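Chain by chain, the residues:
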Amino acid sequence: MSDLRLRLISAVILGPLVLLITFWGGLVFALLVLVAAILFLWEWMTITGTREAQLPTSLSVATLPAMTVLQVIGMPEISLLVLVAGAASVFLCAGGGQTGRWGAEGVLFSGLSLFSLLAIRAGSDGLLFAFFLMFVVWATDIFAYFTGRALGGPKLWERVSPKKTWSGALGGLIFATVFGTGVAALANAQGLFGWAVVAVVLSVVSQAGDLLESAIKRRFNVKDSSRLIPGHGGIMDRIDGLVAAAIFAVLAGVVLGGPLSDPIAGLGLG
């Protein structure tokens, strides 16, 4: 209960603040995403043991501000080229091997997270989709936790995350669909069935992102990515599902014909 109390207090403080900054948008939102991406990368490199390689670490961190500036001034294509160059430089400067691979993967993951969140907010209906995404992921997290604790049952993937259950995953999925569709309905969006389908998909992807982070931490025998947020652990522990869902949404939008400057347009939501 003490841990739950800390989680609730942190959520009550940070949740509205993040929503306010997201509503504000612009440079303030870009700065928030940049700070989160840098912390995400720092925790990744700490977990994987690649932070000790000083030159690759400096290169990886420098990649993220450069990407942010390029996206803010409307050059998303160049931003992605900088990301690829940054990841390749980290790999080569670390001498390849396992250290270089984990470092490069960290740059790619954090960089794609930054790119996707900025692209979503800057696009048409960016505020609506950003709020939709957050409520889908938050509802997935919250109701998966409480549904799993209440109902129990078979484990989702016990070797990777012993506490997660199928009942929790399904509960999170159902409530994420309700909350996500509710956000779209409150905004008078059209095609609510389409929003519901996207909510289902993104809820599944966010849970997969959570499991991916759990697998990485188990691989390196780490419980929390850091102790930055009381009751929640680190930035990675809190936004793993969000960034996975954001990356997937942007990738799907581009594949379906949306431009890099407005990828969510490709999903055909209105």
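Residues numbered from 1 in each chain as written. Predicted model: local features only at pLDDT ≥ 70, side-chain atom pairs only at ≥ 80, totals over all residues. Heavy atoms only, no water.

Caption draft 1: Representation of the overall build of the protein within the structure. A count of helical and extended segments in the protein gives 9 helices and 2 strands. Reading the secondary structure of the protein in the N-to-C direction produces α-α-α-α-α-α-β-β-α-α-α. Computed over its C-alpha atoms, the radius of gyration of the protein comes to 18 Å, within 12% of the 18 Å expected for a compact globule of 270 residues. Considering only contacts in the protein between residues 6 or more positions apart, those separated by 24 or more positions represent 68%. Accessible area of the protein: about 13,100 Å², with a carbon and sulfur share of 71%. The distance from the centre of the 16 positive side-chain charges to the centre of the 14 negative ones in the protein is 10 Å. (Helix = DSSP H or I, 4+ residues; strand = E, 2+ residues; numbered from the N terminus. Rg over C-alpha atoms; globule rule 2.2 N^0.38 Å. Contact = heavy atoms within 4.5 Å. Areas by Shrake-Rupley, 256 points an atom, 1.4 Å probe, with all protein chains shown as cover. Lys, Arg positive; Asp, Glu negative; His and termini not counted. Charge placed at Lys NZ, Arg CZ, Asp CG, Glu CD.)

Caption draft 2: Fine view of the nonpolar core. If you look at the biggest cluster of nonpolar residues, it comprises 58 residues, and the most contacted ones within it are Phe-129, Phe-132, Leu-133 and Leu-202. What Phe-132 contacts, discounting residues up to four positions off in sequence, is Gly-180, Thr-181, Val-183, Trp-195, Val-198, Ala-199 and Leu-202. (Core = buried A, V, L, I, M, F, W, Y, C linked by side-chain atoms within 4.5 Å. Buried < 20%, exposed > 50% of the residue type's maximum accessible area, 1.4 Å probe, protein only.)

Caption draft 3: Broad picture of a nonpolar patch on the surface. On the surface, a cluster of nonpolar side chains totalling about 660 Å² of accessible area is made up of Leu-27, Val-69, Val-72, Ile-73, Met-75, Ile-78 and Leu-81. Elements with a minimum of two residues in the nonpolar patch: helix H3 (54-72) and helix H4 (76-93). On the secondary structure map, Leu-27 appears in helix H2 (residues 26-48). (Patch = residues over 30% accessible without salt bridge, like charges linked within 9 Å, V, L, I, M, F, W, Y side chains within 5 Å. Salt bridge = Lys/Arg side-chain N within 4 Å of Asp/Glu carboxyl O.)

Caption draft 4: Focus on the environment of Ala-249. Its location among the elements puts Ala-249 in helix H9 (residues 235-255). With relative accessibility at 2%, the residue Ala-249 sits in the buried group. Taking the C-alpha atoms as reference points, Ala-249 and Leu-128, 121 residues apart in sequence, are found 14 Å from one another. Leaving out residues up to four positions away in the same chain, Ala-249 has contacts with Phe-129, Leu-202, Ile-264 and Leu-267.

Caption draft 5: The arrangement of the packing of aromatic side chains in detail. Going through the model one piece at a time under the given rule, you end up with 11 aromatic pairs. An angle of 40° between the planes, with centres 6.2 Å apart, marks the rings of Phe-129 and Trp-195 as tilted. On the criterion of sequence distance, the pair formed by Phe-129 in helix H6 (residues 126-151) and Trp-195 in helix H8 (residues 192-219) is long-range, its members being 66 residues apart. Comparing Phe-129 with Trp-195 shows no difference in burial state: the two are buried. Each ring, one from Phe-135 and one from Trp-138, has its centre 6.1 Å from the other, and the planes form 55°; the classification is tilted. Of this pair, Phe-135 and Trp-138 both sit in helix H6, separated by 3 residues, roughly a single helical turn. Within the aromatic cluster, the residues linked to one another by ring pairs are Phe-40, Trp-44, Trp-102, Phe-109 and Phe-220. The ring of Phe-220 is capped by Arg-219, whose NZ or CZ atom sits 4.7 Å from the centre of that ring. (Phe/Tyr/Trp six-rings, centres within 6.5 Å; stacked < 30°, edge-to-face > 60°. Lys NZ or Arg CZ within 6 Å of the ring centre and 35° of its normal.)

Caption draft 6: The pairing of strand E2 (residues 161-165), seen in detail. In this structure, strand E1 (residues 155-157) lies alongside E2, joined through 2 bridges in antiparallel fashion. Bridged to Trp-157 within E2 is Ser-161. Hairpin connection from E1 to E2: 3 residues lie between these consecutive antiparallel strands. (Pairing = 2+ DSSP bridges.)

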